[in-house]
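# Structural characterization, general
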Amino acid sequence: QMPGNFFGTAAFLALAVVYARGCRQFWDGYSRTVYKEDEASQKAVLTLGWPVLRALSSTYRAEFDKATKTKGTTTTTTEDPNQ
């Protein structure tokens, strides 16, 4: 019975880490969204409810993606394509 309990606990912990990471990234990037910065309760609800909101709303999904996009993820090339 130990392996089942271990894997259940590991799965729960993995989901908790993913959830916490999503919360943190959205909270930190909230200013990049169209949502009002001065609405603390709205910010909390949108942050804590991210898994459900992201699954159900394409608008929220786009804003979540903007908020969680890390700085410097765009790639730039320095090569001249004409060479």
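Residues numbered from 1 in each chain as written. Predicted model: local features only at pLDDT ≥ 70, side-chain atom pairs only at ≥ 80, totals over all residues. Heavy atoms only, no water.

## Quick look at the pattern of salt bridges
Filter applied, for reference: Any carboxyl oxygen of Asp or Glu within 4 Å of a side-chain nitrogen of Lys or Arg constitutes a salt bridge here. Starting at the N terminus, helices and strands are each numbered in turn, a helix being any DSSP run of H or I of at least four residues and a strand any DSSP run of E of at least two. For every residue, the accessible area obtained with a 1.4 Å probe (protein chains only) is divided by the maximum for its type, and the residue is called buried under 20%, exposed over 50%, and partly exposed between those limits.
This model, assessed by the stated rule, comprises 4 salt bridges. Measuring nitrogen to oxygen at the nearest pair gives 2.8 Å for the salt bridge that ties Asp 28 to Arg 24. In this pair, Asp 28 and Arg 24 are both assigned in helix H1 (residues 2–29), 4 residues apart and thus about one turn of the helix distant. Judged by relative accessible area, Asp 28 falls into the partly exposed class, the value being 48%. Taking relative accessible area as the criterion, Arg 24 reaches 55% and is therefore assigned exposed. When the shortest N-O distance is used, the salt bridge between Asp 65 and Arg 54 registers 2.6 Å. Of the two residues, Asp 65 sits in helix H4 (residues 58–68) while Arg 54 sits in helix H3 (residues 50–56), which places them 11 residues apart along the sequence.

## Details of the nonpolar core
The test is simple: Residues grouped as a nonpolar core are buried Ala, Val, Leu, Ile, Met, Phe, Trp, Tyr and Cys residues, joined through side-chain atoms within 4.5 Å. Two residues form a contact once any of their heavy atoms are found within 4.5 Å.
Core analysis: the largest hydrophobic core is formed by 9 residues, namely Cys 23, Phe 26, Tyr 30, Tyr 35, Leu 46, Trp 50, Tyr 60, Phe 64 and Ala 67. Counting residues per element, the ones that place at least two in this core are H1 and H4. Looking at this core, the element that brings in the most residues is H4, giving 3 residues. The residues contacting Phe 26, other than those within four sequence positions of it, are Thr 33, Tyr 35, Leu 46, Thr 47, Tyr 60, Glu 63, Phe 64, Ala 67 and Thr 68.

## Examining the packing of aromatic side chains
As a reminder, the rule being used: Put simply, two rings from Phe, Tyr or Trp (the six-membered ring, in Trp's case) pair if the centres are within 6.5 Å, and we call them stacked under 30 degrees between planes, edge-to-face over 60, tilted for the rest. Ring-over charges, as used throughout, are those where CZ of Arg or NZ of Lys falls within 6 Å of the ring centre and within 35 degrees of the ring normal.
Under the criterion given, the structure shown has 9 aromatic pairs. Between the aromatic rings of Tyr 30 and Tyr 35, the centroid separation amounts to 6.1 Å while the plane-to-plane angle is 25°, which identifies the pairing as stacked. The class for Tyr 30 is buried, based on a relative accessible area of 0%. Under the relative-accessibility criterion, Tyr 35 is labelled buried at 19%. Taking 5.0 Å as the distance between ring centres and 20° as the angle between the ring planes, the aromatic pair formed by Trp 50 and Phe 64 counts as stacked. Residue Trp 50 is found in helix H3, and its partner Phe 64 is found in helix H4; the two are separated by 14 residues along the sequence. Given the relative accessible area of 12%, Trp 50 is considered buried. Taken together, Tyr 19, Phe 26, Tyr 30, Tyr 35, Trp 50, Tyr 60 and Phe 64 form an aromatic cluster joined through their ring pairs. Over the aromatic face of Trp 27 sits the side chain of Lys 43, whose NZ or CZ is 4.1 Å from the ring centroid.

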